[in-house]
Amino acid sequence: MKAVLDVKRFDPENNSKEYFQKYELEVEESSTILDALIKIREDLDGTLALRCSCRASICGSCGMRVNGSAKLVCKTRLVDIAPEGEKVQVEPLGNMPIIKDLVVDMNPFWNKVQQVRPFMMPNNTEPEGEYIASNESMTHLVDVMNCIMCGACVSDCTALEVDESFIGPAALAKAYRFVADPRDDKSKDRLKYLNKNSGVWDCTRCYACVEVCPKGVAPMERIMKMRDLAIEEGFKNTSGYRHTKSFVNSVGKSGRLDEARLALTSVGFFNVFGLIDLAFVGLKALVKGKLPPILPHKARESENIKKIVNKIERGKG
Ligand code: SF4
Ligand code: SF4
Ligand code: FES
């Protein structure tokens, strides 16, 4: 079948600008995008740089963006993406610096993983005997342990796009792997650390990491679970927790979101610098006519919404 690939090129040694290069070639019906890229490199253009190893979606080294979304190219068949030989755009992973063409620098990725201390931390350095974890606790961790560190989730994370200090989905999923492991004795310390700025509360719940992960790790769901665990451990002095609480209170009270109060309570009434920052945001919103009402209106049927919120809250208790 015919394949047309529009590949992003970038060679810092010869040309500092990024550009797209179109390649047309014949491939087998069963070819993956990686097969086509390798064929390009071997037969058409030996200067094309890409990274791969296992060719079997195990090693995690062939993450790239295909038509705007991160994928393992060794797992993605051309016929599924472009059955009629349509043009397929291939770019390096996002949110990471490009070294050359389709190869990104994974150092920032690994630094984040290191940040969450990705190893078991038991209290006793000398174990007294074998620790037998329950089947249930290990089965619960199977999906998250399937992570192959491919970086697809990091590539498409919308929070990382605007804040590179965010620990990010892959490292946070890795953190959960140890937080939820009964053999680890530092879960509370881990949660305390992850509850700070750049941690679990910085996720915007955009769902991108869940959608692109080729191994079903569902990083966002792990992050949400760690938020709950952190609250259960009593770590409540965060803008994220205040935001969540204020959101529920506001909807429970009037059936609507009181955006002005939500902003104030999230920042915290005693956070002077935060309030000054917020005042500037408020001024900008005022100038653009986007300032939320100071006194929100009640929604129609607000009593019903209140009942729903109360029922959910009671169910948690
Ligand atoms: S859900 Fe959160 S962690 Fe996942 S991609 Fe979106 S912002 Fe990033
Ligand atoms: S969580 Fe999924 S997408 Fe992210 S690094 Fe692991 S396997 Fe890749
Ligand atoms: S080459 Fe190993 S995962 Fe694709």
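Definitions and limits used
- Residues numbered from 1 in each chain as written.
- Chains lettered and ligands numbered in written order.
- Predicted model: local features only at pLDDT ≥ 70, side-chain atom pairs only at ≥ 80, totals over all residues.
- Domains from an automatic or database assignment.
- Near = placed C-beta within 6 Å.
- Helix = DSSP H or I, 4+ residues; strand = E, 2+ residues; numbered from the N terminus.
- Nonpolar A, V, L, I, M, F, W, Y, C, P; charged D, E, K, R; others polar.
- Core = buried A, V, L, I, M, F, W, Y, C linked by C-beta atoms within 7 Å.
- Buried ≥ 20, exposed ≤ 12 C-beta atoms within 10 Å, placed from the backbone.
- Contact = placed C-beta atoms within 7 Å.

1. With respect to the domain arrangement of the chain
- In terms of domain boundaries, the chain breaks down into domain 1 (2-103), domain 2 (107-124 + 133-232) and domain 3 (239-316).
- Distance between the C-alpha centres of domain 2 and domain 3: 28 Å.

2. Details of the site of ligand 2
- Taken together, the neighbourhood of ligand 2 is formed by 14 residues, with Cys 147, Cys 150, Cys 153, Cys 213 and Val 217 sitting nearest.
- For the shell around ligand 2, the secondary-structure elements that each account for two or more residues are α5 (152-155) and α7 (169-179).
- For the shell around ligand 2, the element with the highest residue contribution is α7, accounting for 3 residues.
- Class assignment of the residues belonging to the shell around ligand 2 gives a composition of 12 nonpolar, 1 polar and 1 charged.

3. Digging into the nonpolar core
- Counting 64 residues, the largest nonpolar core has Ala 170 and Met 226 as its most contacted members.
- When residues of this core are assigned to their parent elements, the largest contribution, 8 residues, is made by α7.
- Apart from the residues within four sequence positions on either side, Ala 170 is in contact with Phe 109, Val 113, Cys 147, Met 149, Gly 151, Cys 153, Val 154 and Pro 219.

4. Quick word on the environment of Phe 178
- Summarising the element assignment, Phe 178 is placed in helix α7.
- If we ignore the near neighbours within four places in the chain, the residues touching Phe 178 are Pro 118, Met 120, Asp 184 and Arg 190.

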